[in-house]
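Residues per chain, in single letters:
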Amino acid sequence: MPRWGMVIDLDKCTGCQACTVACQTENNLRPGSVEESQRGRIIEWIHVLPVVEGEYPHVKTRYMPVPCQHCDNPPCTRVCPVRATYKNDEGIVAQIYPRCIGCRYCVNACPYTCKFFNWSQPDWPESTHGGKSLSAAHNPDVSVRPVGVTEKCSFCSHRLIKAREQAKSEERPLRSEGDFVPACVEACPAEAMCFGDLDSPGTAVSELSRSHRAFRLQEELGAEPKVYYLTEG
Amino acid sequence: MRSSTPSIDPLEATALRPIQQRSSGFYLLAFALVATALWGVNALVFHQWRNGLQVTGLNCPVFWGVYITNFVFFVGISHAGTLISAILRVTGQEWRRPITRMAEAITVFALMVGPINVIFDMGRPDRMLNIFKHPNFNSPLLWDVCCISVYFVGSITFLYLPMIPDIALLRDRMPHRRFYRILALGWKATDRQKHRLEKAIVVMSIAIIPIAVSVHTVVSYVFAMTIKPMWHSTIFGPYFVVGAIYSGIAALLIAMVILRKVYHFEEYLKPEHFRRLGFLLLTMCCLWFYFTFSEFLTTFYGQSPEEMKVFYGKMSGDYRLLFWGMVFCMWTTFFTLTLPWLPLRTPAPLRAPARVLRPILAIAVVAAFVAISQRAGTMTTLAMDLRMPLPPFLERSMMAIMPIAFVWSLLPYLRNNPIVSSFVASIFVVIGMWLERFVIVVPTLVNPRLSWGVAAYHPSWVEWSLTAFDFAGMVLLFVLFSKVFPMLPIWEMREGELAERSRFETQRVIMDRASEVPA
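Residues numbered from 1 in each chain as written. Chains lettered and ligands numbered in written order. Predicted model: local features only at pLDDT ≥ 70, side-chain atom pairs only at ≥ 80, totals over all residues. Heavy atoms only, no water.

**Q** Account for the pattern of salt bridges, with residues named and values stated.
**A** All names here are of chain A. Summed over all chains, the structure comprises 36 salt bridges over all chains. Among the salt bridges present, the one from R164 reaches E90, with a minimum N-O distance of 2.5 Å. Residue R164 is found in helix α5 (residues 157-169), and its partner E90 is found in the loop between β4 (85-87) and β5 (93-95); the two are separated by 74 residues along the sequence. E90 gets classed as buried once you look at its relative accessible area, which sits at 9%. Taking the shortest distance from any N to any O, the salt bridge between R159 and E186 comes out at 3.2 Å. With a gap of 27 residues between them, R159 in helix α5 and E186 in helix α6 (residues 183-187) connect regions that are remote in the sequence. Of the residues examined, R159 reaches a relative accessible area of 17% and is grouped as buried. Three or more residues are tied together by salt bridges with common partners; here these are R3, D72, K87, D199 and K226. (Salt bridge = Lys/Arg side-chain N within 4 Å of Asp/Glu carboxyl O. Helix = DSSP H or I, 4+ residues; strand = E, 2+ residues; numbered from the N terminus. Buried < 20%, exposed > 50% of the residue type's maximum accessible area, 1.4 Å probe, protein only.)

**Q** Outline the packing of helix α3 (residues 66-77) of chain B against helix α21 (residues 461-484) of chain B, supporting the account with residue identities and numerical values.
**A** Between two packed helices, the angle of one axis relative to the other and the distance separating the axes together describe the packing. All names here are of chain B. Packing of α3 against α21 leaves a shortest axis separation of 10 Å and a crossing angle of 15 degrees. Taken together, the axes of α3 and α21 lie roughly parallel to each other. The two elements α3 and α21 cross, and the hand of that crossing is right-handed. Listed contacts from α21 to V66, Y67, N70, F73, F74 and I77 of α3 are V462, E463, W464, L466, T467, D470, F471 and M474. For the contact of α3 with α21, the per-class residue count stands at 10 nonpolar, 2 polar and 2 charged. (Axes fitted to C-alpha atoms, helices over the stretch in contact; angles between N-to-C directions. Parallel < 35°, antiparallel > 145°, perpendicular 65-115°, else oblique. Left-handed = near helix turned anticlockwise from the far one by under 90°. Contact = heavy atoms within 4.5 Å. Nonpolar A, V, L, I, M, F, W, Y, C, P; charged D, E, K, R; others polar.)

**Q** Describe in detail the confidence of the model for chain B, supporting the description with residues and values.
**A** All names here are of chain B. Chain-level pLDDT for chain B is 85 on average; 92% of the residues reach the 70-or-more range. α3 holds the highest mean pLDDT among the elements of chain B, 95, whereas helix α17 (residues 379-385) holds the lowest, 50. Low pLDDT, under 50, characterises residues 1-6; the predicted model gives this stretch 3 contacts beyond four residues in sequence or across chains. Low pLDDT (under 50) marks residues 376-380, which in the prediction has 10 contacts with non-local residues, meaning those over four places away or in another chain. (pLDDT = per-residue confidence, 0-100.)

**Q** Tell me what's going on with a positive patch on the surface, and back it up with residues and numbers.
**A** Residue and element names in this part refer to chain B. A surface patch of positive charge is lined by R345, R351, R355 and R415. Tracing the backbone through its elements, the reader meets R351 in helix α16 (residues 351-375). For R351, a relative accessible area of 39% gives the class partly exposed. (Patch = residues over 30% accessible without salt bridge, like charges linked within 9 Å, V, L, I, M, F, W, Y side chains within 5 Å. Areas by Shrake-Rupley, 256 points an atom, 1.4 Å probe, with all protein chains shown as cover. Lys, Arg positive; Asp, Glu negative; His and termini not counted. Charge placed at Lys NZ, Arg CZ, Asp CG, Glu CD.)

**Q** Help me get a handle on the side chain of N139(A), residues and values and all.
**A** Residues and elements named next belong to chain A. Topologically, N139 is positioned in the loop between β6 (115-117) and β7 (150-152). There is a polar contact of 2.8 Å between the side chain of N139 and the backbone oxygen of E26. Among all residues touching N139, those that are not within four sequence positions of it are T25, E26, N28 and H158. (Polar contact = N/O pair within 3.5 Å; in protein donor to acceptor, adjacent residues only side chain to side chain.)

What follows is the structure, encoded as structure tokens:
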């Protein structure tokens, strides 16, 4: 059974936020308004976190793309009262939108602030040309979340289903690298992100995740995230 | 009336008067409460349910706010009754008799109001039943569901059982009200019935104590089982239970003072009751300080960066006014409950100036507090504004001095009115405990471990409307209950009298026999 994981090289990351935009379109994320942004209600499954280090005059800002960490020991799944969030056999932490009661306990339990809540009904603006609503451009593989539920990065698990079907039709096993790639990894222009099975030897992710530059966010909490970062310098 | 039916004794007359008579004041109060509650319903149905939780002030990362605060607060209030009356019953405290009914009623109504707040807080209340369809027993929220439902059923039973003989009495007095006949369950006060009822009450009072303790423990576990800074604490269980009993006693005292005045229960709710409950309140106050102190000192010595952000958010950051407001309330409670008992005497030559100074001081303290909160600055900035550098010692002990000054300024009045002083203390406890719950829930969420931006939380009018709904709803249920059922447990108080008399008789018999023994 593969254990899907991601490695993000902070040396290569330019903080361009292409991953955020790719995720937005791939996963039918609601377009946020200025007002929502001001009230802290923007939904970005992968957000580029600015990390300010040091004190004046020795200040340095770094950018860190943070998707759901897909913890191997997820703090969020334990606390869900209705099992609407769970970790599947391949290590992907998923959310069942039609079951979620919107109590936001999992969101609070997440130490990475990587889960999001639908405060309002999504509003899909009319397109400027063609007269069609933006909802016409939805990715049909991903369900649109209704008001009042929690949502999160799924490592584009719909792409995994497709990749598996593809491999089946070609009568070959699913490759542990390259067949299943999330949208953010695909879009990264600096090739700072890579994705694959952490457990199969030889894949870039398994090599890089064991390199001396590799670290994970808040490792001391013991949540065992499957998103690895490579330090700068 | 008494002359025509000489069988009605004063206790029965006093206890039943609120049921038999309805004043215009009652209708006015009921109208005001219903209007407030309806306003809340309007906010919920036509704003929140129509537009989603965007009408609240909640955001990312402050996902919980006033609703959860109210939930914890009201479930805390529910510890008034059942727990206190159960403990007093089990330990055979005879003085408990007149107050048990009120205490148990508060429990039931607080438990009706409290858990509703979780539904207010839900994004999808329509899917509420998923909790039974797909339960995850690893989730502390499910422990809440289990414990609170058991507690609710238990406390309704606990309220109902000792009320059966009183309902039977009402059935006999007011035969035209059929529901008394149904609720009385054919009570005829036979020895067998009495024996069974007493047994049931004993069993219930013992069983309800661990249930009540479990309820607020698992409420605290909702917070403690996450790895949030200043939530993930082992003392949260007992800390919440202590706070719950504390605010519960305060709610009970407030109800007692008001009912005593409005329904003329002076003869049965004596200063003695307020004195004893006041001591209980003082004990809980000390325990509360002990737990709060332990919690904050441990956090401070841990110096974990994530926890220190929350810590300073409370001590000197955005939540300092709420935090120190809470401390102010609790200190004031402490001094209100202790100072009147101390043999402090104003020396004779100072008495005349003190009479003038006291009201001035009381006003000055209130004005200082308002000034500080208006300035929204720390003591230090206030002193800088005034170009009057306060000595550091004074600056730091302001919070300790202000409550003492406030209580001292009212001292002669409080000393002569133990009932008023317990009322004042209870009001401060209720305000302080609400602030405490808020200060536990919100500052932690404002300072998450991994923050991306500056977070803030300003509750919206919808949230305040639903808070008003909670308070109005609980008071309304309590008031309506007091108009249908006697708030003094007539049967139990009579049993108490009988027991007292028989003990007296036995003693006399023993004394007589002893005197008969030849020397």
